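# Working through the structure, step by step
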Amino acid sequence: MYLLDSNHVVLLAQASCASYYDWYVNGIYSSPNSSQVLIVALSNGVPSLVTNLPVAGSIVESRLVGSALYVASQTYRAVPDSTNTLWEWGTQIASFDLAAPETPVARSKLWLPGYGNVIYATDTFLLAATQTPTNYQQSVLSIIDITAPDGTMIAYDSLPAAGLVTDKFNLDWTRGILSVISEVSSTPRVTKLETFSLPDPRSVPPFAHAKLGEVEVGHGERLFATRFDYPRVYLVTFRQIDPLWVVDLSDPAHPTVSGELQVPGWSTYIHPLG
């Protein structure tokens, strides 16, 4: 839910059970628009529905930047030029111009094929980590500029991660630095943190990114939890004991492991408290 202005609220309604039942059980592909963006007006504290905007599939991430709303959802679609005989799963990113809440405008859509896509968003960039068609153990980051006031998206470039990005907590963009944490399926398995320069596209034209540095932790272990608290990042890996790693990002070109704590079990969620 977003507070659009003093008189309007935006609600994101998730996919209905019926559409997924039809898809999985009955094989009916005729109703992919199963989520909604609802515009609600408030008058003397009483809400009323203004309009609704369809969103394909199940909403996984969203950002409101000014009056522009960006919504990422996981869904399926017919493969282009397949006459609806082949279907593919992927992520749709849709943008909406809500400058006039009573008459919202659907701006544009982007399609990213693949399973297990990871979406991370700030008020400047939306990043989508998708698996490469030739290597399901490596993610490619699509970089999308979402700074346009009217909701127009600009897909700039993409960059490969060292390994597989498993959730949005493995990505961070702060002060022009993009940090990416991924699991590399090498022998032994390792968790790698990479840093890239990624300037705000409004202040440093032309747009460009460059790799700065990297550091490895957890050799032979799986990655279970991460949390950025810039300039630190905390990582939990696990094999038989549970190391909590602290990585210092003060110098993005030379990230360093500043500490490690071993505790029993493993953690799947981290929340820094100062």
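Residues numbered from 1 in each chain as written. Predicted model: local features only at pLDDT ≥ 70, side-chain atom pairs only at ≥ 80, totals over all residues. Heavy atoms only, no water.

Below, the discussion takes up the confidence of the model for the protein. With 91% of its residues at a pLDDT of 70 or more, the protein has an overall mean of 88. No element of the protein has a lower mean pLDDT than helix α1 (residues 17-26), at 51, and none a higher one than strand β13 (residues 171-174), at 97. (pLDDT = per-residue confidence, 0-100. Helix = DSSP H or I, 4+ residues; strand = E, 2+ residues; numbered from the N terminus.)

Now for the packing of aromatic side chains. Across all of its chains, the model carries five aromatic pairs by this definition. One residue, Lys 168, lies across the ring of Phe 169, its end atom 6.0 Å from the ring centre. (Phe/Tyr/Trp six-rings, centres within 6.5 Å; stacked < 30°, edge-to-face > 60°. Lys NZ or Arg CZ within 6 Å of the ring centre and 35° of its normal.)

Turning to the environment of Pro 255, a few remarks are in order. In this structure, Pro 255 sits in the loop between β19 (242-248) and β20 (256-263). According to the relative accessible area criterion, Pro 255 is buried, its value standing at 6%. Along the backbone, Pro 255 and Val 180 are 75 residues apart, and their C-alpha atoms lie at a distance of 12 Å. Aside from chain neighbours lying at most four places away, what touches Pro 255 is Leu 193, Thr 195, Gly 213, Glu 214, Val 215, Val 247, Asp 248 and Leu 249. (Buried < 20%, exposed > 50% of the residue type's maximum accessible area, 1.4 Å probe, protein only. Contact = heavy atoms within 4.5 Å.)

In this fold, Val 180 is placed in strand β14 (residues 177-184). Distance in space between the C-alpha atoms of Val 180 and Ala 225 is 13 Å, their sequence separation being 45 residues. Those residues in contact with Val 180 that lie beyond four places of it in its chain are Leu 141, Ala 161, Val 165, Asn 170, Leu 171, Lys 192, Leu 193, Glu 194 and Phe 196.

To continue, consider unusual backbone geometry. In the segment running from Thr 187 into Pro 188, the intervening peptide bond is cis, with an omega of 0°. With respect to the element layout, Pro 188 can be found in the loop between β14 and β15 (190-197). Cis geometry marks the peptide bond from Tyr 230 to Pro 231, where omega comes out at 10°. As for its placement among the helices and strands, Pro 231 is situated in the loop between β17 (222-229) and β18 (232-238). Phi at Asn 44 takes a positive value of approximately 55°, unusual for a residue other than glycine. Within the fold, Asn 44 resides in the loop between β3 (35-43) and β4 (46-55).

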